Amino acid sequence: DSGVTQTPKHLITATGQRVTLRCSPRSGDLSVYWYQQSLDQGLQFLIQYYNGEERAKGNILERFSAQQFPDLHSELNLSSLELGDSALYFCASSVDLGPIKDTQYFGPGTRLTVL
Amino acid sequence: AQKVTQAQTEISVVEKEDVTLDCVYETRDTTYYLFWYKQPPSGELVFLIRRNSFDEQNEISGRYSWNFQKSTSSFNFTITASQVVDSAVYFCALSEGGSEKLVFGKGTKLTVNP
């Protein structure tokens, strides 16, 4: 158990809908990362938040957005869902206190199925 | 640009065989970090090891060992005396010093048969 929690574990929804995925980082971790794992694209970085602020952005669609709250949990919002958004969405967290890069520990993932 | 190549898509071995998973990376940075993660059939991503570019020392952890060679831009992973529980997809990942993200290879699916 990495200490990173994600809810829900599974999500089934229809095209055009909007969903919210939730992530709680390990205790003491300030950074939260979101990744998408699909058969086509593999594991892709979406976005990172550090202590409530967006720090880095990857291949995240405009229909997707994220935020990190004062208690450091994060939410990934996916809207106007398309069939191609079906994937496993991972959250990861790391401490990021200094210049040395820390290890990212991953949650169990949320499997999103868009019908 | 950062890139990770895991040329072996799938490997199948019989229990107790040794197996090496290859990882070749590309980066222009002199400071970077390399990782291996395991994704068992249950789906979670489990951290195995992290190496920075200034530490070429090989590492052994039980039946697992890693060989980091900057001269060939490789960070290979060997499982000695494989077991059925080692069956999983293994990902190699790279993070450049100035970048926050992990760039993953496509993964190698290892099946260990009894």
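Residues numbered from 1 in each chain as written. Chains lettered and ligands numbered in written order. Predicted model: local features only at pLDDT ≥ 70, side-chain atom pairs only at ≥ 80, totals over all residues. Heavy atoms only, no water.

Participant: Pulling in residues and values, what's your account of the layout of surface pockets?
Facilitator: Here the largest pocket defines a volume of roughly 910 Å³. In terms of lining residues, the largest pocket is bounded by 39 residues, among which Gln37(A), Ser38(A), Leu39(A), Leu88(A) and Arg111(A) are the most central. Mapped onto the lining of the largest pocket, the elements with two or more residues apiece are strand E4 (31–38), strand E5 (42–50), strand E9 (87–94) and strand E11 (110–114) of chain A together with strand E10 (88–96) and strand E12 (108–113) of chain B. The wall of the second largest pocket is formed by 16 residues, among which Leu43(A), Gln44(A), Asn59(A), Val103(B) and Phe104(B) lie closest to the centre. Mapped by element, the contributors of at least two residues to the lining of the second largest pocket are E5 of chain A together with strand E1 (3–5) and strand E11 (103–104) of chain B. Among the elements that line the lining of the second largest pocket, the one with the most residues is E5(A), at four residues. Of the residues in the lining of the second largest pocket, the class split is six nonpolar, seven polar and three charged. (1 Å grid on protein atoms, 1.4 Å probe; cavity = no way out; pocket = protein on both sides within 12 Å on 5 of 7 lines; lining within 4 Å. Points joined across faces, edges and corners; volume = space filled by probe spheres on them. Helix = DSSP H or I, 4+ residues; strand = E, 2+ residues; numbered from the N terminus. Nonpolar A, V, L, I, M, F, W, Y, C, P; charged D, E, K, R; others polar.)

Participant: Pulling in residues and values, what's your account of the pattern of salt bridges?
Facilitator: Within this structure, the stated rule accounts for six salt bridges over all chains. Residues Glu82(A) and Arg63(A) are paired through a salt bridge, measuring 3.7 Å at the closest nitrogen-oxygen approach. In this pair, Glu82(A) is assigned in the loop between strand E8 (74–78) and E9 and Arg63(A) in the loop between strand E6 (53–57) and strand E7 (64–68), connecting sequence segments 19 residues apart. Using a relative accessible area of 43% as the deciding quantity, one classes Glu82(A) as partly exposed. Put simply, Arg51(B) and Glu59(B) hold a salt bridge, and the shortest N to O gap is 3.0 Å. In this structure Arg51(B) comes out as buried when scored by relative accessible area, which is 8%. Its relative accessible area of 28% is what places Glu59(B) among the partly exposed residues. Bridged by salt links that share partners, the residues Arg63(A), Glu82(A) and Asp85(A) form one connected network. (Salt bridge = Lys/Arg side-chain N within 4 Å of Asp/Glu carboxyl O. Buried < 20%, exposed > 50% of the residue type's maximum accessible area, 1.4 Å probe, protein only.)

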